[in-house]
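These are the residues of each chain, in order.
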Amino acid sequence: DGTLIYKNKKYNELYYESDTEKVKTPDTGFVVEKENVKPFLTEFTSKLGLVGREQREFIEYWEPRLTKEVKTPYIFISIYDKEEKEIVDHVVITPEPTTRIEFLAYFKPIAKPYAVEPLDYPVVPERKGFVEVEWGGAIDW
């Protein structure tokens, strides 16, 4: 049912912070005007496999940070490569999930738009059995 149990306590979700300074930053992605962040994040998270509550929680967490805390008119948005994500936040889940949907978003405030190769979205697996959904993100100040 999505409940996490850790040290005999139940949680609906897990929150943690990681260090992203030692990994390679993405070079493909999208340059988005700050005023278009919310609709962009809706499409972005859909293409990354989030649905319903998962997608709402991602947007409710990131949209205010990106529109209120970021002071530049544009934001470069991408995801870390799977290998880089594993360096940042390797998560062990027992029992092993049948399906894994996981990504670590990357946000970089920028002053002016520039040409960038679009992100090639990863293939989203079909949800079968025990499904793990893990999302996170980092703002590269």
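Parameters and conventions
- Residues numbered from 1 in each chain as written.
- Predicted model: local features only at pLDDT ≥ 70, side-chain atom pairs only at ≥ 80, totals over all residues.
- Heavy atoms only, no water.
- Helix = DSSP H or I, 4+ residues; strand = E, 2+ residues; numbered from the N terminus.
- Rg over C-alpha atoms; globule rule 2.2 N^0.38 Å.
- Buried < 20%, exposed > 50% of the residue type's maximum accessible area, 1.4 Å probe, protein only.
- Contact = heavy atoms within 4.5 Å.
- Areas by Shrake-Rupley, 256 points an atom, 1.4 Å probe, with all protein chains shown as cover.
- Patch = residues over 30% accessible without salt bridge, like charges linked within 9 Å, V, L, I, M, F, W, Y side chains within 5 Å.
- Salt bridge = Lys/Arg side-chain N within 4 Å of Asp/Glu carboxyl O.
- Lys, Arg positive; Asp, Glu negative; His and termini not counted.
- Charge placed at Lys NZ, Arg CZ, Asp CG, Glu CD.

## Focus: the overall build of the protein
A count of helical and extended segments in the protein gives 3 helices and 6 strands. Ordered by position in the sequence, the α and β elements of the protein form the string β-β-β-α-α-β-α-β-β. In summary, the protein has a C-alpha radius of gyration of 16 Å against a globular reference of 14 Å for 141 residues, a match within 12%. Per-residue burial over the protein gives 38% buried out of 141 residues. A separation of at least 24 residues holds for 86% of the contacts in the protein among residues at least 6 apart in sequence. Carbon and sulfur atoms provide 52% of the accessible area of the protein, an area that totals close to 9300 Å².

## So, unusual backbone geometry
Cis peptide bonds are those with omega within 30 degrees of zero, and the linkage from Thr-94 to Pro-95 qualifies with 0 degrees. Turning to its location among the elements, Pro-95 is positioned in the loop between α3 (82-89) and β5 (99-110). Look at Lys-7: it is not a glycine, yet its phi comes out positive at around 50 degrees. With respect to the secondary-structure elements, Lys-7 resides in the loop between β1 (4-6) and β2 (9-11). Taking the relative accessible area as the measure of exposure, Lys-7 reaches 68% and is therefore exposed. One non-glycine residue, Asn-8, lies in positive phi territory at about 65 degrees. Classification of Asn-8 by relative accessible area gives exposed; the value is 79%.

## Side note on a negative patch on the surface
Side chains of Asp-27, Asp-81, Glu-83, Glu-117 and Asp-120 sit close together on the surface and give a patch of like negative charge. Among the structural elements, Asp-81 can be located in the loop between β4 (74-79) and α3. We classify Asp-81 as partly exposed; its relative accessible area is 44%.

## Some points on the environment of Leu-50
Mapped onto the fold, Leu-50 is located in the loop between α1 (37-47) and α2 (52-69). For Leu-50, a relative accessible area of 2% puts it in the buried group. Each C-alpha atom of the pair Leu-50 and Ala-105 lies 13 Å from the other, and the pair is 55 residues apart in sequence. Dropping the residues within four chain positions of it, Leu-50 is found in contact with Thr-45, Gln-55, Phe-58, Phe-103, Arg-127, Val-133 and Trp-135.

## Observations regarding the pattern of salt bridges
Overall, the coordinates contain 12 salt bridges when judged by the stated rule. Between Lys-82 and Glu-102 there is a salt bridge whose closest N-O contact spans 3.4 Å. Of this pair, Lys-82 sits in helix α3 while Glu-102 sits in strand β5, and the two are 20 residues apart along the sequence. With its nearest N and O atoms 3.2 Å apart, the salt bridge here joins Arg-100 to Glu-96. Salt bridges sharing partners connect three or more residues here, namely Lys-82, Glu-96, Arg-100, Glu-102 and Glu-132.

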